Amino acid sequence: MAVDVVTSIDIDADRDQVAAFASNPENAPRWYVNISSVVLETPPPVAVGSRMAFVAHFLGRRIAYTYEVRELRDGERFVMSTADGPFPMETTYIWSDTADGGTRMTLRNQGEPSGFGHVAAPVIVRAMRRANGKDLQRLKSLLERSTT
């Protein structure tokens, strides 16, 4: 079973502000519930080909993985995928304007777990959906506080 989790939230903040904050890997521990650290492996600024090492805690396990930026369209789309890690995963952020001048952020995680992860994929999907909802809610809280 493939993992494909899509979660969205509306944020009362400018799209460029949301995109700049969310696509900066150094901010990830501030808004991702499960990410404890990020180390840039390539010099800033983040661009296609940039690599970053993440340490996360998910389903009671410590997970270390390296993401590489695959696509970056400022204020529109940011795509990273694993260059090294427990299973292939791609994370996509998409930003669009809302009717009231805010930003809709969509977070998509997709991949193909192997080994134990393949067997546990339904559990992984449920846990990821919950975590992504919390992550986006935390991002919303951080950005809406900073604009008031």
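Here the structure is shown first, and the text comes after it.
Residues numbered from 1 in each chain as written. Predicted model: local features only at pLDDT ≥ 70, side-chain atom pairs only at ≥ 80, totals over all residues. Heavy atoms only, no water.

Asks: How should the side chain of Ser50 be read in this particular structure?
Replies: Structurally, Ser50 can be placed in the loop between strand E2 (35-40) and strand E3 (51-58). At 2.8 Å, the side chain of Ser50 forms a polar contact with the backbone nitrogen of Ala47. Sequence-distant contacts of Ser50, defined by excluding residues within four places in its chain, comprise Thr42, Pro45, Tyr67, Glu68 and Val69. (Helix = DSSP H or I, 4+ residues; strand = E, 2+ residues; numbered from the N terminus. Polar contact = N/O pair within 3.5 Å; in protein donor to acceptor, adjacent residues only side chain to side chain. Contact = heavy atoms within 4.5 Å.)

Asks: Honestly, the nonpolar core in this entry has me stumped. Any pointers?
Replies: Within the largest apolar cluster, 37 residues are counted, with the highest numbers of intra-cluster contacts made by Trp31, Tyr93, Met105 and Leu139. In terms of residues, this core owes the most to one element, helix H4 (residues 121-147), which gives 8 residues. (Core = buried A, V, L, I, M, F, W, Y, C linked by side-chain atoms within 4.5 Å. Buried < 20%, exposed > 50% of the residue type's maximum accessible area, 1.4 Å probe, protein only.)

Asks: Sorry, what's going on with the layout of surface pockets here?
Replies: The gaps of empty space that remain are located by a probe, the size of a water molecule, rolled over the atoms. What the second largest pocket holds in volume is close to 160 Å³. For the second largest pocket, the full set of lining residues is Asp16, Ala19, Ala20, Ser23, Asn24, Val46, Leu72, Asp74, Gly75, Phe78 and Trp95. Here the lining of the second largest pocket takes 3 residues from helix H1 (residues 15-22), the largest share from any one element. (1 Å grid on protein atoms, 1.4 Å probe; cavity = no way out; pocket = protein on both sides within 12 Å on 5 of 7 lines; lining within 4 Å. Points joined across faces, edges and corners; volume = space filled by probe spheres on them.)

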